[in-house]
Amino acid sequence: MNKSIAFVFAQVFILVFAAQIMAQDVTGSWQGMLNFGTGSINPDKIQYNWDTDKWTPAYSRYILEIEVNALNNNADDGFYNIMSGGSRGKMSIAITWDENRRVLKYSTKKNLASGYCMNDATLNYRVEDDYEYLEGTWKGCGMGKIALRRKVGAPAPVHAAAETTEYAELNGIGFSFPKNWKWEKEPEMVTVTSPDENIVLMVIQTSTSDINEAATIARKGFEAALKDIVLPEAFSESQRNGLTIQTIDGTAVVKDNDAYVFISSLLIQSEANQNFTIYLGIGEKSSILKNGSTIQAALDSFKPAN
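One structure accompanies this document, and this report is about it. (Residues numbered from 1 in each chain as written. Predicted model: local features only at pLDDT ≥ 70, side-chain atom pairs only at ≥ 80, totals over all residues. Heavy atoms only, no water.)

1. Structural notes on the pairing of strand β14 (residues 189-193)
Counting buried positions along β14 gives four out of five residues, so the element sits mostly inside the fold. When strand β13 (residues 182-186) meets β14, the two strands line up antiparallel, connected through five bridges. By the bridge assignment, Trp 183 is partnered in β14 with Val 192. Counting the residues in the hairpin turn of β13 and β14 gives two residues. (Buried < 20%, exposed > 50% of the residue type's maximum accessible area, 1.4 Å probe, protein only. Helix = DSSP H or I, 4+ residues; strand = E, 2+ residues; numbered from the N terminus. Pairing = 2+ DSSP bridges.)

2. Re the state of the cysteines
One pass over the full model with this rule turns up one disulfide. Here Cys 117 connects covalently by a disulfide to Cys 141, the sulfurs 1.7 Å from one another. An S-S torsion of about 85 degrees defines the bridge between Cys 117 and Cys 141 as right-handed. Of this pair, Cys 117 sits in the loop between β7 (103-111) and β8 (120-128) while Cys 141 is found in the loop between β9 (131-140) and β10 (142-151), placing the two residues 24 residues apart along the sequence. For Cys 141, a relative accessible area of 43% puts it in the partly exposed group. (Disulfide = S-S within 2.5 Å.)

3. Digging into the sheet that holds strand β11 (residues 168-170)
Taken in spatial order, the three strands line up as β11-β12-β21 in an open sheet, and their pairing is antiparallel. Only two strands of the sheet have a single partner each, and these edge strands are β11 and β21 (303-304). Of the strand pairs in this sheet, β11 and strand β12 (residues 173-175) are connected by three bridges, and their pairing is antiparallel. Bridge pairing in β12 places Leu 170 opposite Ile 173.

4. Quick notes on the nonpolar core
Inside soluble globular proteins, nonpolar side chains tend to come together where they are buried. In terms of nonpolar packing, the biggest core is built from 24 residues, with Leu 34, Tyr 80, Leu 104, Tyr 106, Leu 123, Ile 146 and Leu 148 touching the most fellow members. Elements supplying a minimum of two residues to this core: β1 (28-36), β4 (60-68), β5 (78-84), β6 (87-98), β7, β8, β9 and β10. When neighbours within four sequence positions are excluded, Leu 148 is seen to be in contact with Trp 30, Gln 31, Gly 32, Trp 50, Leu 64, Ile 66, Leu 123, Glu 132, Tyr 133, Leu 134 and Glu 135. Grouped together as the second largest cluster of nonpolar side chains are 18 residues, Leu 170, Ile 173, Val 190 and Ile 199 included. (Core = buried A, V, L, I, M, F, W, Y, C linked by side-chain atoms within 4.5 Å. Contact = heavy atoms within 4.5 Å.)

5. Looking at the environment of Thr 137
Mapped onto the fold, Thr 137 is located in strand β9. On the basis of relative accessibility, which here comes to 24%, the residue Thr 137 falls in the partly exposed class. Considering only alpha carbons, one finds Thr 137 and Asn 35, 102 residues apart in sequence, at a separation of 9.6 Å. Residues within four places of Thr 137 in sequence aside, it is in contact with Pro 43, Asp 120, Ala 121, Thr 122, Leu 123, Gly 144 and Lys 145.

6. Some words on the pairing of β5
Within a regular strand, side chains alternate between the sheet's two faces. The buried fraction of β5 amounts to six of the seven residues, a majority that puts the element mostly inside the structure. One ladder, built from six bridges, connects β4 with β5; its direction is antiparallel. Of the residues in β5, the one forming a bridge with Glu 65 is Asn 81.

7. A few points about helix α2 (residues 211-225)
Taking 1.5 Å of rise per residue, 15 residues should cover 21 Å, and α2 covers 21 Å from first to last C-alpha, within 8% of that figure. Among the residues of α2, those classed as buried are Ala 214, Ala 215, Ala 218 and Phe 222. Here the buried residues of α2 occupy an arc of 100 degrees about the axis, which is enough to place them on one side. Turned more than 90 degrees from where α2 packs its buried face, Asn 212, Lys 220 and Ala 224 sit exposed. (Expected span 1.5 Å × (residues − 1). Arc of directions from axis to C-beta.)

8. Considerations on the side chain of Glu 65
Its place among the elements puts Glu 65 in strand β4. Assessed through its relative accessible area of 3%, Glu 65 is described here as buried. A polar contact of 3.0 Å, which involves the side chain of Glu 65, links it to the side chain of Ser 29. (Polar contact = N/O pair within 3.5 Å; in protein donor to acceptor, adjacent residues only side chain to side chain.)

Nothing here speaks to function; it is all geometry.
Encoded structure:
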């Protein structure tokens, strides 16, 4: 490139970038990951690689979304949405934004679901290529590091109410899903796929009532379909609509295209039917976040069969 042209381009870029910082609007939706349990590790040494979807060093991973509606340091400035496997938490947050130092701070004020810690964070803003980033420290029931981003000029999120299909039952569990998702039903399995085919939900009947055997079946299913799988040994447990739900989640690579995906397995047991039903979720992080409200509505629909 001609040096004079390069110089002019550089000056224009600096002016545009400076104007963008001064006028930056951080309202809207930010998506990313929480690396929880970092303890006394220097936060500056904890990095997230967006290309490989990996933390260095890595601890406990959670999918995260921050919705910024206002910057008034009030309890209703926005929402903190977190997902681990099939469990999703939501909290209202108060937000402050220092444009001069480019620092966004939030503090959770009201827990709108159960099972997740109240927390606050200090996030530094930057722009690189086509993305805006918010990255920094997380403090709640422990320490952590957050990495969030969005496309430059991304519009505010629109959360439409999830529509449901006809009611279905399998192995003593009833459930429903959005009307525009595709269905395939077999004698011992129901498969539901999102319109963009990035999320696949499978409800599978098993012949065992032993949770350890059911967990082995779930792990073998993952191993057969995926590679480089990373799953925790322990299950988290929650209660929903009279059901006991054991969750295991992690990250893996799809064998045919090396795409990183977030996966989860829910072992569902009702009081009336002691056999476990395994619910598997496989999807890209961005798709899970985009369809988070729909997935939550689907999970909430699980209940003992009539």
